[in-house]
Amino acid sequence: SQQGEEDPQALSIQEGENATMNCSYKTSINNLQWYRQNSGRGLVHLILIRSNEREKHSGRLRVTLDTSKKSSSLLITASRAADTASYFCATDRNNQGGKLIFGQGTELSVKP
Amino acid sequence: EPEVTQTPSHQVTQMGQEVILRCVPISNHLYFYWYRQILGQKVEFLVSFYNNEISEKSEIFDDQFSVERPDGSNFTLKIRSTKLEDSAMYFCASSKRSNTGELFFGEGSRLTVL
(Lines give C-alpha, C1' and ligand atoms only; values in the text may rest on other atoms or scores of the structure.)
Protein backbone atom coordinates (compact mmCIF):
# COMPACT_ATOMS: atom_id res chain seq x y z
CA SER A 1 0.00 0.00 0.00
CA GLN A 2 1.14 3.55 -0.60
CA GLN A 3 2.61 5.52 2.23
CA GLY A 4 3.49 9.16 2.64
CA GLU A 5 6.62 9.80 4.61
CA GLU A 6 7.74 13.25 5.56
CA ASP A 7 11.16 14.46 6.44
CA PRO A 8 12.44 15.91 8.57
CA GLN A 9 10.39 14.57 11.46
CA ALA A 10 11.07 17.77 13.37
CA LEU A 11 12.25 21.18 12.26
CA SER A 12 13.10 24.17 14.42
CA ILE A 13 13.70 27.58 12.85
CA GLN A 14 13.68 31.26 13.70
CA GLU A 15 10.85 33.57 12.73
CA GLY A 16 11.42 34.98 9.26
CA GLU A 17 13.31 31.95 7.98
CA ASN A 18 11.92 29.58 5.37
CA ALA A 19 10.81 26.08 6.27
CA THR A 20 10.99 23.20 3.81
CA MET A 21 9.33 19.86 4.42
CA ASN A 22 9.50 16.86 2.12
CA CYS A 23 7.18 13.99 1.49
CA SER A 24 7.72 10.75 -0.39
CA TYR A 25 5.16 8.18 -1.42
CA LYS A 26 5.17 4.78 -3.06
CA THR A 27 2.41 4.42 -5.62
CA SER A 28 0.72 6.46 -8.33
CA ILE A 29 -1.60 9.18 -7.10
CA ASN A 30 -4.48 11.34 -8.21
CA ASN A 31 -3.40 14.26 -6.07
CA LEU A 32 -1.30 15.12 -3.05
CA GLN A 33 -2.50 17.37 -0.28
CA TRP A 34 -0.83 19.10 2.66
CA TYR A 35 -2.57 19.53 5.98
CA ARG A 36 -1.64 21.34 9.14
CA GLN A 37 -2.47 20.26 12.67
CA ASN A 38 -2.05 22.43 15.71
CA SER A 39 -1.44 20.44 18.88
CA GLY A 40 -4.58 18.65 19.98
CA ARG A 41 -6.67 20.11 17.16
CA GLY A 42 -8.14 18.93 13.90
CA LEU A 43 -6.45 18.92 10.51
CA VAL A 44 -6.69 21.97 8.31
CA HIS A 45 -6.28 21.68 4.56
CA LEU A 46 -3.51 23.89 3.18
CA ILE A 47 -3.05 23.09 -0.47
CA LEU A 48 -3.74 20.41 -3.07
CA ILE A 49 -1.58 19.63 -6.07
CA ARG A 50 -2.79 17.33 -8.81
CA SER A 51 -0.65 14.67 -10.41
CA ASN A 52 -0.35 16.66 -13.64
CA GLU A 53 0.88 19.79 -11.84
CA ARG A 54 4.49 20.47 -10.86
CA GLU A 55 4.22 23.52 -8.66
CA LYS A 56 1.53 25.46 -6.86
CA HIS A 57 1.50 28.57 -4.71
CA SER A 58 -0.87 29.81 -2.07
CA GLY A 59 0.16 32.87 -0.10
CA ARG A 60 3.40 32.00 1.70
CA LEU A 61 3.10 28.35 0.71
CA ARG A 62 4.79 26.75 -2.26
CA VAL A 63 4.29 23.10 -3.09
CA THR A 64 6.16 21.10 -5.67
CA LEU A 65 5.40 17.64 -6.96
CA ASP A 66 7.77 15.31 -8.79
CA THR A 67 5.82 12.23 -9.84
CA SER A 68 8.90 10.59 -11.34
CA LYS A 69 10.54 10.63 -7.92
CA LYS A 70 7.25 10.22 -6.08
CA SER A 71 8.02 13.17 -3.87
CA SER A 72 6.64 16.54 -2.88
CA SER A 73 7.92 19.48 -0.91
CA LEU A 74 6.17 22.18 1.07
CA LEU A 75 7.94 25.48 1.49
CA ILE A 76 6.70 28.05 3.98
CA THR A 77 8.38 31.39 3.37
CA ALA A 78 8.96 34.09 5.97
CA SER A 79 7.76 31.85 8.78
CA ARG A 80 5.91 33.18 11.81
CA ALA A 81 5.57 31.82 15.33
CA ALA A 82 1.93 31.06 14.46
CA ASP A 83 3.13 28.58 11.83
CA THR A 84 4.25 26.28 14.65
CA ALA A 85 2.31 23.05 14.05
CA SER A 86 2.60 19.58 12.56
CA TYR A 87 2.42 19.35 8.80
CA PHE A 88 1.21 16.24 7.00
CA CYS A 89 1.18 15.22 3.40
CA ALA A 90 -1.67 13.01 2.26
CA THR A 91 -1.97 11.14 -0.99
CA ASP A 92 -5.15 10.35 -2.85
CA ARG A 93 -5.33 7.54 -5.39
CA ASN A 94 -7.98 7.21 -8.05
CA ASN A 95 -11.08 5.21 -7.25
CA GLN A 96 -10.28 4.97 -3.57
CA GLY A 97 -13.51 6.48 -2.29
CA GLY A 98 -11.78 9.62 -1.12
CA LYS A 99 -9.38 7.71 1.09
CA LEU A 100 -6.29 9.70 1.99
CA ILE A 101 -3.04 8.13 3.13
CA PHE A 102 -1.26 10.39 5.58
CA GLY A 103 2.43 10.55 6.36
CA GLN A 104 3.94 10.69 9.82
CA GLY A 105 4.21 14.46 9.69
CA THR A 106 6.84 17.10 10.28
CA GLU A 107 6.68 18.95 13.56
CA LEU A 108 7.62 22.55 12.85
CA SER A 109 8.64 24.90 15.63
CA VAL A 110 9.11 28.57 14.75
CA LYS A 111 10.84 30.53 17.48
CA PRO A 112 10.05 34.25 17.83
CA GLU B 1 -17.56 29.70 7.79
CA PRO B 2 -19.18 26.25 7.77
CA GLU B 3 -17.41 23.62 9.80
CA VAL B 4 -17.57 19.99 10.79
CA THR B 5 -18.58 19.57 14.41
CA GLN B 6 -17.92 16.53 16.57
CA THR B 7 -19.23 15.39 19.92
CA PRO B 8 -18.14 14.50 22.48
CA SER B 9 -14.76 16.16 22.56
CA HIS B 10 -13.53 13.58 25.05
CA GLN B 11 -15.03 10.30 26.17
CA VAL B 12 -13.68 7.89 28.74
CA THR B 13 -15.11 4.39 28.70
CA GLN B 14 -14.46 0.96 30.14
CA MET B 15 -13.16 -1.81 27.94
CA GLY B 16 -16.03 -3.76 26.41
CA GLN B 17 -18.46 -0.86 26.43
CA GLU B 18 -20.14 0.53 23.35
CA VAL B 19 -19.26 4.02 22.21
CA ILE B 20 -20.97 6.30 19.71
CA LEU B 21 -19.10 9.27 18.32
CA ARG B 22 -21.15 11.90 16.58
CA CYS B 23 -20.40 14.26 13.74
CA VAL B 24 -22.31 16.93 11.89
CA PRO B 25 -20.69 17.34 8.47
CA ILE B 26 -20.87 20.52 6.42
CA SER B 27 -24.41 20.75 5.11
CA ASN B 28 -23.85 20.65 1.34
CA HIS B 29 -21.16 17.98 1.45
CA LEU B 30 -21.91 14.54 0.09
CA TYR B 31 -18.96 12.43 1.24
CA PHE B 32 -18.20 11.60 4.82
CA TYR B 33 -15.21 9.99 6.49
CA TRP B 34 -13.82 8.78 9.76
CA TYR B 35 -10.11 8.81 10.50
CA ARG B 36 -8.28 8.10 13.68
CA GLN B 37 -4.97 9.14 15.18
CA ILE B 38 -3.39 7.14 17.97
CA LEU B 39 -1.26 9.40 20.15
CA GLY B 40 2.04 10.16 18.44
CA GLN B 41 1.16 8.22 15.30
CA LYS B 42 -0.06 9.07 11.85
CA VAL B 43 -3.64 9.77 10.88
CA GLU B 44 -5.26 6.57 9.61
CA PHE B 45 -8.25 6.16 7.34
CA LEU B 46 -11.14 4.14 8.75
CA VAL B 47 -14.10 4.48 6.41
CA SER B 48 -15.71 6.61 3.72
CA PHE B 49 -19.46 6.93 3.23
CA TYR B 50 -21.49 8.18 0.31
CA ASN B 51 -25.13 7.90 -0.68
CA ASN B 52 -25.98 6.08 2.55
CA GLU B 53 -23.47 3.34 2.13
CA ILE B 54 -19.84 2.61 2.82
CA SER B 55 -17.61 3.42 -0.17
CA GLU B 56 -14.46 2.02 1.27
CA LYS B 57 -13.12 0.82 4.58
CA SER B 58 -9.69 -0.03 5.93
CA GLU B 59 -8.51 -3.17 7.70
CA ILE B 60 -8.92 -1.35 10.98
CA PHE B 61 -12.65 -1.01 10.36
CA ASP B 62 -13.63 -4.51 11.43
CA ASP B 63 -16.98 -5.87 12.61
CA GLN B 64 -16.72 -3.92 15.85
CA PHE B 65 -17.12 -0.67 13.92
CA SER B 66 -20.16 0.67 12.15
CA VAL B 67 -21.24 3.98 10.67
CA GLU B 68 -24.65 5.45 10.19
CA ARG B 69 -26.29 8.56 8.91
CA PRO B 70 -29.51 8.35 10.93
CA ASP B 71 -30.94 11.63 9.70
CA GLY B 72 -30.07 14.40 7.27
CA SER B 73 -27.38 15.93 9.41
CA ASN B 74 -25.63 13.47 11.75
CA PHE B 75 -22.96 10.94 10.86
CA THR B 76 -22.03 8.51 13.61
CA LEU B 77 -19.27 6.04 14.31
CA LYS B 78 -20.13 3.20 16.67
CA ILE B 79 -17.61 0.94 18.33
CA ARG B 80 -19.53 -2.05 19.70
CA SER B 81 -17.13 -3.42 22.28
CA THR B 82 -14.18 -1.14 22.88
CA LYS B 83 -10.65 -2.41 23.37
CA LEU B 84 -7.70 -0.67 24.97
CA GLU B 85 -6.14 -0.19 21.54
CA ASP B 86 -9.16 1.78 20.36
CA SER B 87 -7.91 4.69 22.46
CA ALA B 88 -7.24 7.43 19.95
CA MET B 89 -8.44 10.72 18.54
CA TYR B 90 -11.21 10.10 16.04
CA PHE B 91 -11.69 12.67 13.31
CA CYS B 92 -14.75 13.08 11.17
CA ALA B 93 -14.35 14.74 7.79
CA SER B 94 -16.55 15.67 4.88
CA SER B 95 -16.03 16.76 1.31
CA LYS B 96 -18.10 17.94 -1.61
CA ARG B 97 -16.54 15.41 -3.91
CA SER B 98 -14.33 12.41 -3.46
CA ASN B 99 -11.03 11.89 -5.22
CA THR B 100 -10.66 15.45 -6.31
CA GLY B 101 -10.90 17.80 -3.41
CA GLU B 102 -9.96 18.73 0.06
CA LEU B 103 -11.38 17.19 3.18
CA PHE B 104 -12.78 19.36 5.96
CA PHE B 105 -11.99 17.87 9.34
CA GLY B 106 -13.67 18.31 12.67
CA GLU B 107 -11.72 18.98 15.85
CA GLY B 108 -11.85 15.34 16.85
CA SER B 109 -13.23 13.18 19.64
CA ARG B 110 -10.67 11.81 22.03
CA LEU B 111 -11.57 8.30 23.14
CA THR B 112 -9.87 6.82 26.18
CA VAL B 113 -10.55 3.16 26.90
CA LEU B 114 -9.65 1.98 30.40
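What comes next concerns the included structure. Source: prediction; values computed, not measured.

### Here's the deal with the overall build of chain A
So, step 1. Assigned secondary structure in chain A consists of zero helices and eleven strands.
So, step 2. On C-alpha atoms alone, chain A measures out to a radius of gyration of 13 Å, which is about the 13 Å that the 2.2 N^0.38 rule sets for 112 residues.
So, step 3. If you line up chain A on its principal axes, its C-alpha atoms span 45 × 30 × 20 Å.
So, step 4. Expressed as a percentage of its 112 residues, the buried residues of chain A come to 48%.
So, step 5. A sequence separation of at least 24 residues applies to 56% of the contacts in chain A between residues at least 6 apart.
So, step 6. As displayed, chain A offers around 5200 Å² of accessible surface, 42% of which is attributable to carbon and sulfur atoms.
So, step 7. Taking the average location of the 14 positive side-chain charges in chain A and that of its 11 negative ones, the two points are 5 Å from each other.

### Observations regarding the nonpolar core
So, step 1. In terms of nonpolar packing, the biggest core is built from 22 residues, with Trp-34, Leu-46, Phe-61, Val-67, Phe-75, Leu-77 and Tyr-90 of chain B touching the most fellow members.
So, step 2. Listing elements by their share of this core, those giving two or more residues are β3 (19-24), β4 (31-37), β5 (43-50), β7 (65-68), β8 (75-79), β9 (88-95) and β11 (109-113) of chain B.
So, step 3. Once you skip the residues sitting within four places of it in the chain, Phe-75 of chain B turns out to touch Leu-21, Arg-22, Cys-23, Pro-25, Phe-32, Tyr-33, Trp-34, Phe-49, Val-67, Glu-68 and Cys-92 of chain B.
So, step 4. Counting 21 residues, the second-largest nonpolar core is a separate cluster that includes Ile-49, Leu-65, Leu-74 and Ala-85 of chain A.

### Structural notes on the state of the cysteines
Residues and elements named next belong to chain B.
So, step 1. All told, the structure shown has two disulfides over all chains when counted by the stated rule.
So, step 2. The disulfide that involves Cys-23 links it to Cys-92, with 1.9 Å between the sulfurs. In this structure the cystine formed by Cys-23 and Cys-92 twists about its S-S bond by roughly -65°; its chirality is therefore left-handed. In this pair, Cys-23 sits in strand β3 while Cys-92 sits in strand β9, placing the two residues 69 residues apart along the sequence. With respect to burial, Cys-23 and Cys-92 carry one shared label: buried.

### Considerations on the pattern of salt bridges
Opposite charge on two side chains allows them to pair when their charged atoms are near.
So, step 1. Inspection of every chain in the model, using the stated rule, returns seven salt bridges over all chains.
So, step 2. Arg-60 of chain A is the salt-bridge partner of Asp-83 of chain A, the closest N and O atoms lying 2.9 Å from each other. Taken together, the residues span a long stretch of sequence, with Asp-83 of chain A in the loop between β8 (71-76) and β9 (85-92) and Arg-60 of chain A in the loop between β6 (55-58) and β7 (61-66) at a distance of 23 residues.
So, step 3. Residue classification places Asp-83 of chain A among the buried residues on the basis of a relative accessible area of 6%.
So, step 4. One salt bridge in this structure joins Glu-56 of chain B and Lys-99 of chain A, with 3.7 Å as the shortest N-O distance. Linking Glu-56 of chain B in strand β6 (residues 53-57) with Lys-99 of chain A in the loop between β9 and β10 (100-102), this pair reaches from one chain into another. Assigned by exposure class, Glu-56 of chain B and Lys-99 of chain A land together as buried.

### Side note on the sheet that holds β7 of chain B
All names here are of chain B.
So, step 1. Ordered by their spatial adjacency, four strands build an open sheet running β1-β3-β8-β7, and the pairing between neighbours is antiparallel. In the strand order of this sheet, the two ends are held by β1 (5-7) and β7, each with one partner. When strand polarity is set aside, the average angle formed by the axes of neighbouring strands in this sheet is 20°.
So, step 2. Sheet topology places β1 next to β3; three bridges connect them, and they run antiparallel. For Thr-7, the partnering residue across the bridge sits in β3 and is Arg-22.

About the cut-offs
Residues numbered from 1 in each chain as written. Chains lettered and ligands numbered in written order. Predicted model: local features only at pLDDT ≥ 70, side-chain atom pairs only at ≥ 80, totals over all residues. Heavy atoms only, no water. Helix = DSSP H or I, 4+ residues; strand = E, 2+ residues; numbered from the N terminus. Rg over C-alpha atoms; globule rule 2.2 N^0.38 Å. Buried < 20%, exposed > 50% of the residue type's maximum accessible area, 1.4 Å probe, protein only. Contact = heavy atoms within 4.5 Å. Areas by Shrake-Rupley, 256 points an atom, 1.4 Å probe, with all protein chains shown as cover. Lys, Arg positive; Asp, Glu negative; His and termini not counted. Charge placed at Lys NZ, Arg CZ, Asp CG, Glu CD. Core = buried A, V, L, I, M, F, W, Y, C linked by side-chain atoms within 4.5 Å. Disulfide = S-S within 2.5 Å. Salt bridge = Lys/Arg side-chain N within 4 Å of Asp/Glu carboxyl O. Pairing = 2+ DSSP bridges. Axes fitted to C-alpha atoms, helices over the stretch in contact; angles between N-to-C directions.

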